[in-house]
Amino acid sequence: MEHFLEQVLNGFQLGLMYALIALGYTMVYGVVQLINFAHGDVFMVGAFLGYFGFAVWGLPLPLAILLAMASCALLGVVIERIAYRPLRYAPKIAALISAIGVSLFLEYFSSLKFVFGPNYRVVPRPFPEIQWKIAGLTVTNIQVIVFVVVLIMLILLQILIYRTKTGMAMRTVAVDHNAARLMGVNVDTTISITFAIGSAFAALGGVLYAIAYPQIHPFMGIMPGLKAFTAAVLGGIGIIPGAVLGALIMGQVETLTSAYISSQMRDAIAFAILILVLLFRPTGLLGRTETEKV
Amino acid sequence: MKLSRNTLFFFIGSAIFYALVKIMQFNGILTPYWQLVLDQALIIVIGALGLSIIYGFTGQFSLGHAAFYGIGAYTAGALDKVYGNGNMLFFFLSLLIGALVAGLVAFLIGLPILRLRSDYLGIATLGFGIIVRVGMENGNKLFPVLGGATGMSGTPQLAQFDLIFILALIIILLVRNFIFSTYGRACISIREDEIAADVMGIDTTRYKILAFVLGCALAGLAGGIYAHRYPFLHPASFDFLKSFDFLLIVVLGGLGSMTGTIITAIGWVFLLEVLRVVLGQDFIDWRGVIYALILVVSIIVRPQGLFSGKEFRLLVPEQLKMATGKERTYAGFGN
């Protein structure tokens, strides 16, 4: 039983990190209906920049995190400007192929020796790990930090989206680009801001991931990226609470599969869930069904 | 049987190509290394034509093509490894079974997931590809002969250039006849507008599944040949990066163009090898970067690909050219 609860706790931690990535997917999908395939690689870049920040350049951890978030926000904006904007009103698949290309570019470019290098790197802990025993349950300070940071970010995001003008612009663009333009919203800027926020969240997720699972390499973003995408679809893509809910479910599924079935099966089960959700409830758990009009 | 003029030219062209390769073999220009590259290119042509049917002509976006290529490779390879003993008849049988198994899996998975549209279908097939990869890595627990994550070797290497070339020719003709048949036209109409096709009385589900199964069976056949030409099979050779390879070939060549798919497939395989020779050791590092840049730049600069909707006349049956008068596009976007 305690073993089970500990696994649930581990799954919760993993789910929170998936939530940070899934938010970027879901926000971007909301405004441009594009599966931003490169998002998982922005997460990887964030993890590397955070690692360089606190472990190589010796910056204090919060500063390293901020640096990673700011750089990735910029990266996200640049990606959108170069690779997605020319294809915004082209067929959906064209932009998706472009996104796949950007994803491969980030992975292989990062693998070059003068960039991040192709090898695995072990991330030193920026602070010692402390374990507390609470009612027979082991809780680490990393879990607490992850929980608090993610909670703060979710509250900030909620405020941004529902209480500010920028957030209102984002919600408008999500409904209709042309109508938003007629209402005086600068669609291009709003989309850039969405990419910036989503990428910054991914970078934060990357740094936290590197601290919690201290090993990073240029291809580390693929699987968390795909699973976070699955989470976003599971919760209902375009819906922010849905992304968090989906991510928490994915975290549990993955951890419990590794613990009780087989760690090799966890990817297969995660993607089996994706296919089943797409088949039986393509709009996700919290989504509404829409009828297609001719 | 009366051959049309274009078909005749197709066979003459193929014969000239074959003769050139043979001459180069005798002169020693075509070293065994480049022979291997050429064989690889022809194998990729077969697999890419499969994806061309699925995505280029029917418009069903698949990111899991390499999974079927892998299923064919493992099925044919393992069968021949265990029962074959270098028997040519059994070799063909194993290729056929490999293609059939890939087609059967495509049917079972296609039946539910082909209801999905565009990018969702892509993600679902990508997920399926990852599941297949996990299956390959753990397949040795059920069948030790598959080798699991360490890879499989020991398949008799029976596929040689002559044989691969003839198979590729047969497949090109088969795909050509499919595209220019009623079935092909139904598939193209689905790509252009699924709802309109449905309204016109085309059983869209049936044709989508037909195209998907046929395309995946071709991938399985290509995989089976690959298993008999390259002695070592590894799950990493069939993951989604390989699927992107096929996708890149079909998109770069131009949607709805066999000519584009065939030329790009051969050109792509040779380009990578030439780069390897020119750049040497650095190439290994830069390969992925160049690859990704080509993908992004080509989709932005020329989203319709090189030969979209255009075919060499060799690849068009005669009567269509007569019927359409000035029309120069055959199966591409209708403009």
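Just so you know, these numbers come straight off a predicted model, no measurement behind them. (Residues numbered from 1 in each chain as written. Chains lettered and ligands numbered in written order. Predicted model: local features only at pLDDT ≥ 70, side-chain atom pairs only at ≥ 80, totals over all residues.)

J.: Explain the overall build of chain A to me, and be specific about the residues and the numbers.
T.: Within chain A, the secondary structure is distributed over 11 helices and four strands. By principal-axis analysis of the C-alpha atoms, chain A measures approximately 60 × 45 × 35 Å. The buried share of chain A, reckoned over its 294 residues, is 51%. Excluding contacts between residues fewer than 6 apart, the proportion of contacts in chain A whose partners are at least 24 apart in sequence is 75%. (Helix = DSSP H or I, 4+ residues; strand = E, 2+ residues; numbered from the N terminus. Buried ≥ 20, exposed ≤ 12 C-beta atoms within 10 Å, placed from the backbone. Contact = placed C-beta atoms within 7 Å.)

J.: Which residues make up the pairing of strand β2 (residues 131-134) of chain A, and what values go with them?
T.: Residue and element names in this part refer to chain A. Of the pairings in the sheet, the one linking β2 to strand β3 (residues 137-140) comprises four bridges and is antiparallel in character. Opposite isoleucine 134, over in β3, you have leucine 137 as the bridge partner. Connecting the antiparallel pair β2 and β3 is a turn made up of two residues, with alanine 135 showing a positive phi of about 50 degrees. (Pairing = 2+ DSSP bridges.)

J.: Account for the packing of helix α1 (residues 2-32) of chain A against helix α5 (residues 141-163) of chain A, naming residues and giving values.
T.: All names here are of chain A. It is the contact of α1 with α5, at a shortest axis distance of 10 Å, that shows an interaxial angle of 35 degrees. The chirality of how α1 crosses α5 is left-handed. Between α1 and α5, the residues in contact are Leu9, Gln13, Leu16, Met17, Ala19, Leu20 and Leu23 and Gln143, Val146, Phe147, Val150 and Leu157, respectively. Partitioned by chemical class, the residues of the contact of α1 with α5 number 10 nonpolar, two polar and no charged. (Axes fitted to C-alpha atoms, helices over the stretch in contact; angles between N-to-C directions. Left-handed = near helix turned anticlockwise from the far one by under 90°. Nonpolar A, V, L, I, M, F, W, Y, C, P; charged D, E, K, R; others polar.)

J.: So what about the interface of chain A and chain B? Which residues, and what values?
T.: Opposite the 34 residues of chain A that make contact, chain B presents 32 residues. Considering each element in turn, the side of chain A that touches chain B owes the most residues, 15 residues, to helix α4 (residues 92-111) of chain A. By residue class, the composition of the side of chain A that touches chain B is 26 nonpolar, four polar and four charged.

J.: Outline the confidence of the model for chain B, listing residues and values.
T.: Residue and element names in this part refer to chain B. Averaged over every residue, the pLDDT of chain B is 85; residues scoring 70 or more account for 94%. Here helix α13 (residues 318-323) stands out as the least confident element of chain B, with mean pLDDT 51; helix α9 (residues 204-227) is the most confident, with 94. Our summary of model confidence lists the complex with pTM equal to 0.88 and ipTM equal to 0.85. (pLDDT = per-residue confidence, 0-100.)

J.: Before we move on, can you summarise unusual backbone geometry with the specific residues and values?
T.: Residues and elements named next belong to chain A. The phi dihedral of glutamine 33 is positive, around 50 degrees, even though this residue is not glycine. Following the sequence through the fold, glutamine 33 ends up in the loop between α1 and α2 (39-56). With 15 C-beta atoms packed within 10 Å, glutamine 33 lands in the partly exposed category.

J.: So what about α4 of chain A? Which residues, and what values?
T.: The terminal C-alpha atoms of α4 of chain A lie 29 Å apart, and with 20 residues this matches the ideal 28 Å at 1.5 Å per residue to within 8%. When you tally the buried positions in α4 of chain A, you get 17 out of 20 residues, the bulk of the element. (Expected span 1.5 Å × (residues − 1).)

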